[in-house]
Amino acid sequence: MIRSELIKKLCDDNPTLAERDIERLVTVFFDEISSRLATGGRVELRGFGAFSTRERDARTGRNPRTGDTVAVDAKRVPYFKPGKEMRAKLNVE
């Protein structure tokens, strides 16, 4: 699902709300998650999962086009851990 599909689905489920209001809500939601992660925080949505960041060490990579080795700096990357309810829905037997 992409952002526009999410907004469309929310509009269909909430016909009393204007599309621009729903779009603004979705934007604020994602911006708040991004800003919290940027400051090193964690965002937990009960029943869905938790967003956090992880540290990656510096390493030596390879340019796939030329094969040359390239130094890759240390960095933080986003990480998502699904919640118990999410895992249960994905693994229905």
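Engineer: Break down a positive patch on the surface for me, citing the residues and quoting the values.
Structural biologist: A contiguous patch of positive charge on the surface is contributed by Arg54, Lys81, Lys84 and Arg87. Take Lys84: it is sitting in helix H3 (residues 84-90). Lys84 sits in the exposed class, given a relative accessible area of 65%.

Engineer: Can you break down the sheet that holds strand E2 (residues 49-56) residue by residue, with the values?
Structural biologist: Strand order in the open sheet formed by three strands is E1-E2-E5, and the pairing between neighbours is antiparallel. Pairing within the sheet leaves two strands with one partner each, and these edge strands are strand E1 (43-45) and strand E5 (75-82). Neighbour-to-neighbour, the strand axes of this sheet turn through a mean angle of 30 degrees, independent of strand direction. One ladder, built from eight bridges, connects E2 with E5; its direction is antiparallel. Counterpart to Gly49 in the pairing with E5 is Pro82. This element, helix H2 (residues 19-38), spans E1, E2 and E5 of the sheet and lies at about 35 degrees to E2.

Engineer: Account for the environment of Arg46, naming residues and giving values.
Structural biologist: With respect to the secondary-structure elements, Arg46 resides in the loop between E1 and E2. Residue Arg46 is classed as exposed on the basis of its relative accessible area of 75%. Spatially, the C-alpha atom of Arg46 lies 37 Å from that of Gly61, the residues being 15 residues apart in sequence. A polar side-chain atom of Arg46 sits 3.2 Å from a polar atom in the side chain of Glu44.

Cut-offs and rules
- The written sequence of each chain sets the order in which its residues are numbered from 1.
- Note on the predicted model: pLDDT of at least 70 is required for a residue's local features to be given, and 80 or more for side-chain atom pairs to be given and counted; whole-chain, interface and lining totals, by contrast, use all residues.
- The basis for every side-chain value is the complete set of non-hydrogen atoms in the structure, without hydrogens or water.
- Like charges are joined within 9 Å and nonpolar side chains (Val, Leu, Ile, Met, Phe, Trp, Tyr) within 5 Å, but only among residues with over 30% relative accessible area and no salt bridge; these make up the patches.
- What sets the accessible areas is the Shrake-Rupley method with a 1.4 Å probe; for residues, cover comes only from the shown protein chains.
- The term salt bridge refers to a pairing of a side-chain nitrogen on Lys or Arg with a carboxyl oxygen on Asp or Glu at a separation within 4 Å.
- The charged-residue count follows a simple rule in which Lys and Arg add positive charge and Asp and Glu add negative charge, with His and chain termini not counted at all.
- By convention, the point assigned to a charge is CZ for Arg, NZ for Lys, CD for Glu and CG for Asp.
- Only DSSP runs of H or I with at least four residues qualify as helices, and only runs of E with at least two residues qualify as strands; both kinds are numbered from the N terminus onward.
- Three labels apply to residues, based on accessible area from a 1.4 Å probe with only protein chains included: buried if under 20% of the type maximum, exposed if over 50%, partly exposed otherwise in between.
- Here, strands pair whenever DSSP counts at least two bridges between them.
- Simply put, an axis is a line fit to the C-alpha atoms, just over the touching stretch for a helix, and the angle between two N-to-C directions goes from 0 to 180 degrees.
- Two residues qualify as a contact provided that any one of their heavy atoms is within 4.5 Å of a heavy atom in the partner residue.
- Whenever two N or O atoms come within 3.5 Å, that pair is a polar contact, provided that in protein one can donate a hydrogen and the other can accept it, and provided that, for residues adjacent in sequence, both atoms are side-chain atoms.

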